[in-house]
Amino acid sequence: MGTSLETLHIPQSESQLFDNSLLCSDTLDHYEAEAREALLRVTDQLAAVESPTTGPSPHDLQKLVSGIDLDAPLGNHADSFDELKKIYLRDAVYFHHPKYAAHLNCPVAIPAVAAEAFVTSLNTSMDTFDQSAGATLIERRLIDWTTRLIGYSANTADGIFTSGGTQSNLQAMLIARNIAVSKMTGSLPQRLQNLRIYTSQDAHFSISNAAMMMGLGHEAVIAIGTDAWHRMDADALRTQLTNDLQAGLLPMAISATAGTTDFGSIDPLAPIAALAKETGAWFHVDAAYGGGLLLSAVHRQRLDNIELADSVTVDFHKSFFQPIGSSALLLKDAHSFESITHYAEYLNPRSQAQQTPNQVDKSLQTTRRFDALKLWVTLRTLGAQRLGAMFDQVLKLAESLEAEISLRQQLTLEAPVQLSTLVFRFTVPNAQLNQAEHNELTNQIRHRLYQTGEAMIAATTVRGERMLKLTLLNPNTTMKDLTEILDAICRVGNDLLFERTEGARA
Ligand SMILES: Cc1ncc(COP(=O)(O)O)c(C=O)c1O
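Residues numbered from 1 in each chain as written. Predicted model: local features only at pLDDT ≥ 70, side-chain atom pairs only at ≥ 80, totals over all residues. Heavy atoms only, no water.

## Considering the sheet that holds strand β2 (residues 158-162)
Next up, step 1: The strand order across the open sheet formed by seven strands is β2-β8-β7-β6-β5-β3-β4, and the pairing between neighbours is mixed. A strand with exactly one partner marks an edge of an open sheet, and here the two such strands are β2 and β4 (221-224). Strand-to-strand twist across the sheet, computed as the mean angle between neighbouring axes with direction ignored, equals 20 degrees.
Next up, step 2: Note: strand β5 (residues 250-257) against strand β6 (residues 282-287), five bridges, orientation parallel. Looking at β6, one finds that T257 is bridged to D286. (Pairing = 2+ DSSP bridges. Helix = DSSP H or I, 4+ residues; strand = E, 2+ residues; numbered from the N terminus. Axes fitted to C-alpha atoms, helices over the stretch in contact; angles between N-to-C directions.)

This is the structure we're talking about:
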């Protein structure tokens, strides 16, 4: 049965339909009122937040969201905002809360949030200059700025903003694949089947997913072992490369990580760069997380040799305190973008490529948000030094927390702190838990803290063992907040063990 306009509750007169509903010069009063109201609601909500989460279950939220009749509009923004409070704002996860220490989410720089008003209201699209004008030039300046931070030559390097580290890594691998394939002979399937990507066993899964999306399969990614700090073992990489070359395989790319998701570890960039050069492999550095070190007045040297990479991923929406999404892929040689460029007569004709700066020539996206503006306004308002100092503060907090953890008998760190993540186990020596029980206890500790909203922490698995993980990205968090989180972990862990013993007795 077809749906009529009446059952959809859509007003039928044209003037009713479009009055005040589209942003244009006639509707600015309406826009301002609605945007102000939204802003008030957000600030009221942020002011009222008392915990990083209310600990909702997917089931409870599902009921609320499913109960909404999308074919019955409320007709005014106040009611739709009221509804939003119930289904989203009230139970949202608040990354700016000092007891949020779960994933790589940062509190956002205020100028960047304000810049969103321009990004969304103008709705600029970054694909071509004729849809973006100054926006393209602003993005290009930021790309130049970032390539300078990396240490690339300004004359030869280039880059592009992307939606996130996953996309930046995918694009890097795609360029590496295209360049590798262009040097080989045989049918495409024959050429693809021998390509291999090397990364550490602690690398982000986006590298493996990129291989899958490019038709190489997850098997094409070789996970190299790591040392006690979870950094790629360069000797093991050398051995693997030698064996694979002897077996007729072709090292397409080596992806080092500068700041692994779990341990913040930075792979040894210089020896890996040398191996990439020796074998002709593309050298990529995934600095999605560690990229913040580029602005550090204290720790920049930890990224020494990053300029040896053919490509670098930097996520501004992690350690540069930008709202999602804000990432970039930077290339040492701008010409490498040519391997993914597609010209379309209706958009970016080849004939105009020389005289028109069309960013779509370098992007996997066509229509694309002007995400660069957020970083631009942040830099023009606060400056790079302030951002670097914020990340330095986070690193300092992590070091203090490491010292605090090592004072606690029930907590054992898996590896020394390297950026701002801490992975550790909660143990009770005489509890006599087997591995499965211990893993379950770890999951329960995390879940109970979530349910009560006391803190949001993460967990990860290392060699089959479930461990707790804290990820710090909030420079406003204090050691008091963090010691309270550790106290809560130990208290909840001991409570759970007690409940377990009581349960066994009953
Ligand atoms: C090292 C690393 N690379 C890539 C990514 C993926 O980034 P995104 O979530 O922005 O796609 C992450 C995400 O945490 C990461 O930690």
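The discussion continues.
## Concerning the site of the ligand
Next up, step 1: For the ligand, the set of nearby residues contains 15 residues, the closest of which are T166, T261, D286, D315 and H317.
Next up, step 2: The separation between an oxygen atom of the ligand and a polar side-chain atom of T166 is 2.6 Å.
Next up, step 3: The contact in question runs from a nitrogen atom of the ligand to an N or O atom on the side chain of D286, over 2.6 Å.
Next up, step 4: When the ligand sits alone it has 390 Å² of accessible area, and the protein chains cover 83% of it.
Next up, step 5: When contributions to the shell around the ligand are tallied by element, the ones reaching two or more residues are α8 (165-182) and α13 (316-319).
Next up, step 6: In terms of residue count, the dominant contributor to the shell around the ligand is α8 (three residues).
Next up, step 7: In terms of residue class, the shell around the ligand is built from two nonpolar, ten polar and three charged. (Near = heavy atom within 4 Å. Polar contact = N/O pair within 3.5 Å; in protein donor to acceptor, adjacent residues only side chain to side chain. Areas by Shrake-Rupley, 256 points an atom, 1.4 Å probe, with all protein chains shown as cover. Nonpolar A, V, L, I, M, F, W, Y, C, P; charged D, E, K, R; others polar.)

## Description of the sheet that holds strand β11 (residues 456-462)
Within a sheet, adjacent strands bond to each other through the backbone by hydrogen bonds, running parallel or antiparallel.
Next up, step 1: Strand order across the open sheet formed by five strands is β1-β11-β12-β10-β9, with mixed pairing between neighbours. Both outer strands of the open sheet, β1 (100-101) and β9 (411-413), are each paired with one neighbouring strand and no more.
Next up, step 2: Bridge analysis of strand β10 (residues 421-426) against strand β12 (residues 465-471) gives four bridges, and the strand direction is antiparallel. Residue pairing for β12: L422 is matched across the bridge by L470.
Next up, step 3: Each of β9, β10 and β12 touches helix α15 (residues 384-406); the most contacted strand, β10, lies at about 15 degrees to it.
Next up, step 4: Strand contacts of helix α17 (residues 479-505): β1, β9, β10, β11 and β12, with the helix running at about 25 degrees to β10, the strand carrying the most contacts. (Contact = heavy atoms within 4.5 Å.)

## Notes on the pattern of salt bridges
Next up, step 1: For the coordinates displayed, the defined rule picks out 24 salt bridges.
Next up, step 2: R36 is paired through a salt bridge with E32; the nearest N and O atoms lie 2.8 Å apart. Residue R36 and its partner E32 are located together in helix α2 (residues 28-48), separated by four residues, close to a single helical turn.
Next up, step 3: Take R36: its relative accessible area is 52%, and that puts it in the exposed class.
Next up, step 4: Here R463 ties to E414 by a salt bridge, and the two come within 3.2 Å at their closest N and O atoms. Highlighted residues: R463 in the loop between β11 and β12 and E414 in the loop between β9 and β10, separated in sequence by 49 residues.
Next up, step 5: Take R463: its relative accessible area is 64%, and that puts it in the exposed class.
Next up, step 6: What emerges from the salt-bridge pattern is a single network uniting E116, R369, D371 and K374. (Salt bridge = Lys/Arg side-chain N within 4 Å of Asp/Glu carboxyl O. Buried < 20%, exposed > 50% of the residue type's maximum accessible area, 1.4 Å probe, protein only.)

## A few points about the domain arrangement of the chain
Next up, step 1: Annotation of the chain at the domain level lists domain 1 (21-50 + 56-90), domain 2 (124-381) and domain 3 (385-505).
Next up, step 2: A C-alpha centroid distance of 37 Å is found between domain 1 and domain 2. (Domains from an automatic or database assignment.)

## Focus on unusual backbone geometry
For residues besides glycine, phi is generally negative; the peptide bonds are generally trans as well.
Next up, step 1: A cis amide bond, omega -10 degrees, links I324 with the succeeding residue G325.
Next up, step 2: For G325, the location among the structural elements is in the loop between α13 and β8 (327-331).
Next up, step 3: For A133, which is not glycine, the phi torsion reads 50 degrees and is therefore positive.
Next up, step 4: For A133, the location among the structural elements is in the loop between α6 (129-132) and α7 (134-150).
Next up, step 5: Note on A133: relative accessible area 36%, which makes it partly exposed.

## Observations concerning helix α14 (residues 372-381)
Next up, step 1: Taken together, the buried positions of α14 are A372, L373, K374, L375, T378 and L379.
Next up, step 2: Elements that come into contact with the buried residues of α14 comprise α5 (110-122), α7, β2, α13 and α15.

## Points about the environment of K85
Next up, step 1: Within the secondary structure layout, K85 lies in helix α4 (residues 77-89).
Next up, step 2: Among the residues examined, K85 registers a relative accessible area of 43% and is labelled partly exposed.
Next up, step 3: Linking K85 and L74, residues eleven residues apart in sequence, is a C-alpha distance of 14 Å.
Next up, step 4: Those residues in contact with K85 that lie beyond four places of it in its chain are Q45 and R90.

## Some details on the packing of aromatic side chains
Next up, step 1: A complete count under the given rule lists three aromatic pairs for this structure.
Next up, step 2: Arranged with centres 4.9 Å apart and planes meeting at 90 degrees, the rings of F316 and F320 form a pair that is edge-to-face.
Next up, step 3: In this structure F316 comes out as buried when scored by relative accessible area, which is 0%.
Next up, step 4: Each member of the aromatic cluster is reached from another via a ring pair, and the members are F161, F316 and F320. (Phe/Tyr/Trp six-rings, centres within 6.5 Å; stacked < 30°, edge-to-face > 60°.)

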